[in-house]
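Architecture and fold: a report
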Amino acid sequence: MTISSADLAGSLDALRTRVPLVHSLTNIVSANFLTNVLLAAGASNAHIDNAHEAGDFARIAGGVLVNLGTPDDGTATAFTVAAEAARDAGTPWVLDPVGVGGLGWRSGLAVDLLKYRPTAIRGNASEIIALAGLGGDTRGVDSSDDPAAAVPAAVALLEHSDAVSASGPVDHLVGRDADGTVVGLRIGGGSAMLPRVTSTGCSLGGLVAAYLAVAPTPLIGLAAAHAHVAVAAEIAEANSSGPGSFAVAYLDALYTVDAAALADRAIVETFDVTVGA
Amino acid sequence: MTISSADLAGSLDALRTRVPLVHSLTNIVSANFLTNVLLAAGASNAHIDNAHEAGDFARIAGGVLVNLGTPDDGTATAFTVAAEAARDAGTPWVLDPVGVGGLGWRSGLAVDLLKYRPTAIRGNASEIIALAGLGGDTRGVDSSDDPAAAVPAAVALLEHSDAVSASGPVDHLVGRDADGTVVGLRIGGGSAMLPRVTSTGCSLGGLVAAYLAVAPTPLIGLAAAHAHVAVAAEIAEANSSGPGSFAVAYLDALYTVDAAALADRAIVETFDVTVGA
Amino acid sequence: MTISSADLAGSLDALRTRVPLVHSLTNIVSANFLTNVLLAAGASNAHIDNAHEAGDFARIAGGVLVNLGTPDDGTATAFTVAAEAARDAGTPWVLDPVGVGGLGWRSGLAVDLLKYRPTAIRGNASEIIALAGLGGDTRGVDSSDDPAAAVPAAVALLEHSDAVSASGPVDHLVGRDADGTVVGLRIGGGSAMLPRVTSTGCSLGGLVAAYLAVAPTPLIGLAAAHAHVAVAAEIAEANSSGPGSFAVAYLDALYTVDAAALADRAIVETFDVTVGA
């Protein structure tokens, strides 16, 4: 098996032990919730999106998140500064191409950022398809496409990144195995309440940055973040009666899930990936 | 009766069926909560406040919210771009004149935005009075005036908009009936906890934008949004023990209230409006 | 005793009676939670961080908070405008030097702001040490230093301010007594959950601004804000099962704690301060 339960458990233990510091450049909708997700899960976060400081901080952070949710001219410059510094310093970084496809200006920003080789890319299906230049139907920041339909696009993006995920009802991840083979992972579980709470996707991107700082490979880090979220969401759904109480229970569950629970409850399946001729 | 229970119920059903996509340009205090309110109620939201993209998105959104809570030079330009595009494309849009009256720069912005004819205007009493140029005592972003006192100002603003509300302990709305007559509506219920949780007013503005996308007239859309909030707040107050748990229960209640409950519990009264000579 | 229980109780009563209006210039991570903390505690808040309006509003507000969490070129200008106006108008204001020390640009901003003589300074231990020019090990926005170690730095900062706190597991405060003597206060209680929820520190800074508007001396206001938070956090920890439910219970507890409970439960100790030769 490509990714074992022990890989996931080991990554969560490493997260809790090392408490990686994430440097987030995220949007004004998600900034608070994303930080609470990281703190609850066991990491730390500093949101620094000015161009004066973003480079220096990306060099010392454990992982960097660049999220295109609410860019302006100032933060767009900081995105580039942070991505370049992360690449140069060897800091793993995540690109979250929010709204790419439907919105022209940020689509150009996202394509430019690919040159700094994000360690991982996380988006919804429509965003991943659009970023790969394969079309996609982005409805604002929500997805009109199924994650399974985004697999060819995710594979195409491996030209620019080590691991790519299309999140959704069943998350689809692709990346390179320890021996360099491209493999696919489906991560089940989760909750239908997740899209009823804003920033659950954006904060997953932040959690990927945290796991990249401690996991043995980008694909394992990407998978551990998605599995941690999926298991916590399942627990939260069982302890809530609407989106308000779900969000509260979700933060509690991200905090209380331990390595044993993650290994026991995570639903991860491998699938074969055809890499283009 | 000007607005029937069936009008409210039909609007909520339409919201849940059609899931309108709101384009919000709101402030950094309310961005997260407003999006959660829209998702809980049954709509969708994308916050896009840069001038590069705000026009294109306002053309395709179901409704647009322009909220003056925390403007800067960049977002102020985006407000104008979005409002002009909404008017030109026929997208209904809402102006929320946060802090107008007490704060000079934004008061000028608000007056300029009136030329793009907002479909609806929602504010607290002081803001509505100030926007109409009739005085008003704005205490920061809170109101020092009673909504009933804002009715003449709300009527005056119908020169620039189809429907206007002054929110407060009892919301006062004015607008044109199906036959063009100007009518007034009082919406009761709600909770004294609403002003103890930030962004309940701003997120109501966002919900108005969502309802305008699906309701048969602006006044019905405005009324349905206020009634949905008032009923949810009543339910939340009964299920909470302070402002923290109220906010959680409020999101749950926005989600669980259905058309039958809305029609049953909403407190809507008509009042006569005198339109100036 | 330097600060009595009656001083704390009287300050909370004054807060609830007078409902001071805080003018916050805070970061995008904390803006929502900080406002909810102020509303729950009994104050009011308006976040105004554009240079066009920040000066006028600082003149009429009850207290001003300048928080350096996510500065950009625009808000940095507004910080200076607000601080200068506050000093000139006699409005008490609080400097929260988030991230100072580890981040170069904002460290310069913070030093410049000292010239407008903040009424109080609140930071974590690392930030206080860094701001005093005495070193400090800032890890992003978290502290690597113990509050007790920051006391000499806090005393040094009394050259620029009336009262200074280093928050942490046990808060350490220094300031001038009614007769001008420099004294130290330790405030215990609190909860290990506080650092698991983002913006608990930033919102404490906002609460200090609210208390400065109503308390007889800056040191009493600073102490009352820290004690209110510590007592509410203790109550919240007993009513929660993780960081999500803690944040909710914390807002409820800030609201329900009254003057008698604050006087009864607050843990405040005086300590001697050596002021340099």
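Here the structure is shown first, and the text comes after it.
Criteria and thresholds
- Residues numbered from 1 in each chain as written.
- Chains lettered and ligands numbered in written order.
- Predicted model: local features only at pLDDT ≥ 70, side-chain atom pairs only at ≥ 80, totals over all residues.
- Heavy atoms only, no water.
- Least-squares fit on C-alpha atoms with pLDDT ≥ 70 in both.
- Contact = heavy atoms within 4.5 Å.
- Helix = DSSP H or I, 4+ residues; strand = E, 2+ residues; numbered from the N terminus.
- Buried area = accessible area lost by both parts, 1.4 Å probe.
- Salt bridge = Lys/Arg side-chain N within 4 Å of Asp/Glu carboxyl O.
- Polar contact = N/O pair within 3.5 Å; in protein donor to acceptor, adjacent residues only side chain to side chain.
- Nonpolar A, V, L, I, M, F, W, Y, C, P; charged D, E, K, R; others polar.
- Buried < 20%, exposed > 50% of the residue type's maximum accessible area, 1.4 Å probe, protein only.
- Pairing = 2+ DSSP bridges.
- Axes fitted to C-alpha atoms, helices over the stretch in contact; angles between N-to-C directions.

A few words now on the relation of the copies chain C and chain A. Between the two copies, chain C and chain A, the superposition gives an RMSD of 0.0 Å; the rotation angle is 120 degrees and the shift along the axis is 0.0 Å. Here the transformation between the copies is reduced to the relation of a three-fold axis. Within chain C, Ile-28 of chain C has its C-alpha nearest the rotation axis, a separation of 3.5 Å. Interface residue correspondence from chain C to chain A reaches only 7%, placing this contact among heterologous pairings that use different surfaces.

Attention now goes to the environment of Ala-213 of chain B. Residues and elements named next belong to chain B. Topologically, Ala-213 is positioned in the loop between helix H8 (200-212) and helix H9 (218-238). Remark: the alpha-carbon pair of Ala-213 and Leu-21, spanning 192 residues in sequence, is separated by 8.5 Å. Those residues within four positions of Ala-213 in sequence are excluded, and the remaining contacts are Arg-18, Pro-20, Gly-62, Gly-63 and Pro-92.

Now for the interface of chain B and chain A. Accessible area lost upon the coming together of the parts serves often as the stated size of an interface. If you look at the interface, chain B gives 29 residues, while chain A gives 28 residues. Summed over both sides, the interface between chain B and chain A buries roughly 2,200 Å², with carbon and sulfur atoms accounting for 58% of that surface. Joining chain B to chain A, the criterion identifies one salt bridge. Of the charged contacts, one joins Arg-106 of chain A and Glu-53 of chain B as a salt bridge, the two residues approaching to 2.6 Å between their closest N and O atoms. Applying the counting rule to chain B against chain A returns nine residue pairs in polar contact (both at pLDDT 80 or more). Among the secondary structure elements, those contributing two or more residues to the side of chain B that touches chain A are helix H2 (31-41), strand S2 (44-47) and helix H10 (243-256) of chain B. Counting residues per element, the side of chain B that touches chain A draws most heavily on H2 of chain B, which supplies six residues. Here the residues of the side of chain B that touches chain A sort into 13 nonpolar, 12 polar and four charged.

As a further point, take the pattern of salt bridges. Applying the stated criterion across every chain, the model contains 21 salt bridges over all chains. One salt bridge connects Arg-59 of chain A with Asp-56 of chain A, and the closest N-O pair in it is separated by 3.2 Å. Of the two residues, Arg-59 of chain A and Asp-56 of chain A are both situated in helix H3 (residues 54-60); the distance of three residues between them amounts to about one turn of the helix. Residue classification places Arg-59 of chain A among the partly exposed positions, given a relative accessible area of 45%. Here Glu-269 of chain B ties to Arg-186 of chain B by a salt bridge, and the two come within 3.1 Å at their closest N and O atoms. Here the residue Glu-269 of chain B occupies a position in strand S11 (residues 268-271), and Arg-186 of chain B occupies one in strand S10 (residues 182-187), the gap between them amounting to 83 residues.

Take the sheet that holds strand S8 (residues 163-167) of chain B next. The strands making up a sheet associate through backbone hydrogen bonding, with each pair oriented either parallel or antiparallel. All names here are of chain B. Judged by pairing direction, the sheet is mixed, and its nine strands sit side by side in the order S2-S1-S3-S4-S5-S8-S9-S10-S11 without closing on themselves. Two strands in the sheet have a free side with no partner beyond their single neighbour: S2 and S11. Between one strand and the next, the sheet's axes are offset by a mean angle of 20 degrees, whatever the strand orientation. Sheet topology note: the strand S4 (residues 93-96)/strand S5 (residues 120-124) ladder contains two bridges and is parallel. Its bridge partner lying in S5, Val-94 is registered against Ala-120. Here H9 sits on the sheet and contacts S5, S8, strand S9 (171-176) and S10; the angle it forms with S9, its principal contact strand, is near 165 degrees.

With that out of the way, let us pick up the interface of chain C and chain A. Across the contact, 28 residues belong to chain C and 29 residues belong to chain A. Both sides together, the interface formed by chain C and chain A hides about 2,100 Å², and carbon and sulfur atoms give 59% of it. Counting across the interface, chain C meets chain A through one salt bridge. One can count nine residue pairs in polar contact (both at pLDDT 80 or more) joining chain C with chain A. For the side of chain C that touches chain A, the secondary-structure elements that each account for two or more residues are helix H5 (104-113) and helix H10 (243-256) of chain C. Among the elements that take part in the side of chain C that touches chain A, H10 of chain C stands out by supplying four residues, more than any other.

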